[in-house]
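Breakdown of the fold
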Amino acid sequence: IVYDLPQSKKPYEERMKELDEMFTNPDGTPNNPVIRVAPRQICQSREHLEEALEVVSNRGGEGIILREPGSYYIPGPSDSMREVKVRCLLCTFNN
């Protein structure tokens, strides 16, 4: 699964469009039997995030990466990227 284009100097939305063009056919189907572009969607609210995390958790995933719109790729942790882990969210709500 491909999540981003670290070598690109473009903002987030343009990088995602470039990823789609590289690995997805015009009809939305993958054009490579091995490489897939990570699914993404715009987070509408905290409730939306919680619902998405529940789906990820039910599928055995660890969490979700949040990107700031218009952000540029920066290696490592940055103010424009956050990882929200399922276990962290559960701990927060249970305390």
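Each remark here, short or long, concerns the structure printed above.
Described in the following lines is the structure provided in the data block. (Residues numbered from 1 in each chain as written. Predicted model: local features only at pLDDT ≥ 70, side-chain atom pairs only at ≥ 80, totals over all residues. Heavy atoms only, no water.)

**Considerations on the side chain of His 48**
Using the following cut-off: Counting from the N terminus, the helices are DSSP H or I runs at least four residues long and the strands are E runs at least two residues long. Between N or O atoms, a polar contact is any pair within 3.5 Å; within protein, one atom must be a potential hydrogen donor and the other a potential acceptor, and residues adjacent in sequence are included only when both atoms are from side chains. Throughout, a contact is declared for two residues whenever any of their heavy atoms are within 4.5 Å.
Examined against the element boundaries, His 48 turns out to sit in helix H2 (residues 46-58). A polar contact of 2.9 Å, which involves the side chain of His 48, links it to the side chain of Gln 41. If near-sequence neighbours (up to four positions away) are discounted, His 48 is found in contact with Gln 41, Ile 42 and Cys 43.

**A word on the pattern of salt bridges**
Note the threshold: Think of a salt bridge as a Lys or Arg side-chain nitrogen and an Asp or Glu carboxyl oxygen that are within 4 Å of each other. Think of it in three bands: residues with accessible area under 20% of the maximum for their type are buried, residues over 50% are exposed, and the middle band is partly exposed, with areas taken using a 1.4 Å probe on protein chains only.
Inspection of the entire model under this criterion finds eight salt bridges. Between Glu 50 and Arg 46 there is a salt bridge; the shortest N-O distance is 3.1 Å. Taken as a pair, Glu 50 and Arg 46 lie in helix H2 at a separation of four residues, close to a single helical turn. Its relative accessible area of 47% is what places Arg 46 among the partly exposed residues. Linked through salt bridges whose partners overlap, the residues forming this network are Asp 4, Arg 15 and Arg 67.

**Notes on a nonpolar patch on the surface**
In plain terms, the rule: Like-charged residues are merged into a patch within 9 Å and nonpolar side chains (Val, Leu, Ile, Met, Phe, Trp, Tyr) within 5 Å, provided each residue has over 30% relative accessible area and no salt bridge. In this description, accessible areas are obtained by the Shrake-Rupley approach with a 1.4 Å probe, and a residue is regarded as covered only by the protein chains that are shown.
A contiguous nonpolar surface patch, about 360 Å² in accessible area, is contributed by Ile 1, Tyr 3 and Ile 65. Along the chain, the position of Ile 65 falls in strand S1 (residues 63-67).

**Thoughts on the nonpolar core**
Rules: To qualify as a nonpolar core, a set must consist of buried Ala, Val, Leu, Ile, Met, Phe, Trp, Tyr and Cys residues joined through side-chain atoms within 4.5 Å.
Judged by nonpolar contacts, Val 2, Leu 5, Tyr 12, Met 16, Leu 19, Phe 23 and Val 37 together constitute the single largest core of seven residues. Apart from the residues within four sequence positions on either side, Tyr 12 is in contact with Arg 40, Arg 67, Glu 68, Gly 70 and Ser 71. Formed by six residues, the second largest nonpolar core is a distinct cluster that contains Leu 49, Leu 53, Val 84 and Val 86.

**Examining the side chain of Ser 71**
Relative to the elements of secondary structure, Ser 71 occurs in the loop between S1 and strand S2 (81-85). A polar contact is formed between the side chain of Ser 71 and the side chain of Arg 67, at a distance of 3.5 Å. In this view, Ser 71 contacts Lys 10, Pro 11, Tyr 12, Arg 15 and Ser 80; residues no more than four positions away in its chain are not counted.

**Considering the environment of Arg 67**
For Arg 67, the position within the fold is in strand S1. Taking the C-alpha atoms as reference points, Arg 67 and Tyr 12, separated by 55 residues in sequence, lie 7.8 Å from one another. In this structure Arg 67 touches Asp 4, Tyr 12, Arg 15, Tyr 72, Tyr 73, Ser 80 and Met 81, once residues within four positions along its chain are discounted. A distance of 3.3 Å separates a polar atom in the side chain of Arg 67 from a polar atom in the side chain of Asp 4.

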